[in-house]
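Structural characterization, general
Spelled out from the first residue to the last, the chains are:
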Amino acid sequence: MRKYVIMGVQGSGKGTQAALLAGDLDLVHISVGDIFRWHVKNHTKLGAQVRRAVAAGELVGDELVEQVVRDRLQQHDWNYGFVIDGFPRNRRQAEFFLESYDIDGVIHLDLPDEEVWRRVLARRLCSRCGMDYNLIAHRPEVEGRCDVCGGELVTREDDTPDALAARLRDYHDKTDPVLELFRGKEYVATIDARADKTAVQQAIRDRLGLPPYVPAQPS
Ligand code: AMP
């Protein structure tokens, strides 16, 4: 059983790296942001409660976040463990988490703010299948269309300059202290997230003592 937390500022590749790690090691990838986006898209009661905060790039209230994390982890579909992404984002959430779960490692993807701006404002998402694109590093073959399903590519509602500024501010004010807390208690692997996604995944594996990453060959 392996339990990891992946942390990093917006655009540092948390979702991508968590998915690569989880897929290979049979871990469940839990993205709190994805859970909230699902609820907003599907107009659930929770979606209505978090919609405004998510769109503005502001943090959702701790009680709601903790309830979502608790419910998700109580599903116990994670026989081999999990990688949780986007949580904890502040000290209270970290303390709540550490009370219930012991963690095998914290992966910290480190990216300078200038690079965050460059990456996030170039990010696009398929409105149909959710595939991620980036107009700098991963352009679609046909402009504005998903290579996989042909769906329309859109900008995430919170990838605007105002929302990004709010998220960066929150990250430095509230999430940086969480790293300090983890550094005192858990194993934190800080990885330079400027490299390409394969190199970053490899570095994560090396630092956590996991089997090497073998990228899938195109068929
Ligand atoms: P993310 O995809 O991780 O950037 O999360 C998208 C949005 O979901 C954030 O901007 C917040 O509004 C909300 N959110 C996700 N995780 C948390 C969390 N741990 N605490 C508070 N709000 C969160």
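See above for the structure.
Summary of the structure given here. (Residues numbered from 1 in each chain as written. Predicted model: local features only at pLDDT ≥ 70, side-chain atom pairs only at ≥ 80, totals over all residues. Heavy atoms only, no water.)

With that out of the way, let us pick up the site of the ligand. Around the ligand sit 18 residues in total, of which Arg37, Glu58, Val60, Gly86 and Gln93 are the nearest. Interatomic distance of 3.0 Å between a side-chain N/O atom of Gln93 and a nitrogen atom of the ligand. Arg167 is positioned such that a nitrogen or oxygen atom in its side chain is 3.4 Å from an oxygen atom of the ligand. Coverage of the ligand by the protein chains reaches 98% of its 480 Å² of free accessible surface. Among the secondary structure elements, those contributing two or more residues to the shell around the ligand are helix H2 (32-41) and helix H3 (45-56). The element that contributes the greatest number of residues to the shell around the ligand is H2, accounting for 4 residues. Here the residues of the shell around the ligand are counted per class, giving 8 nonpolar, 4 polar and 6 charged. (Near = heavy atom within 4 Å. Polar contact = N/O pair within 3.5 Å; in protein donor to acceptor, adjacent residues only side chain to side chain. Areas by Shrake-Rupley, 256 points an atom, 1.4 Å probe, with all protein chains shown as cover. Helix = DSSP H or I, 4+ residues; strand = E, 2+ residues; numbered from the N terminus. Nonpolar A, V, L, I, M, F, W, Y, C, P; charged D, E, K, R; others polar.)

Right, let's talk about the state of the cysteines for a bit. The full count for this structure, using the stated rule, is 0 disulfides. No disulfide involves Cys146; its sulfur sits 3.8 Å from the nearest other cysteine sulfur, which is in Cys129. Given the relative accessible area of 5%, Cys146 is considered buried. (Disulfide = S-S within 2.5 Å. Buried < 20%, exposed > 50% of the residue type's maximum accessible area, 1.4 Å probe, protein only.)

Interpretation in functional terms is not warranted from these geometric data alone.
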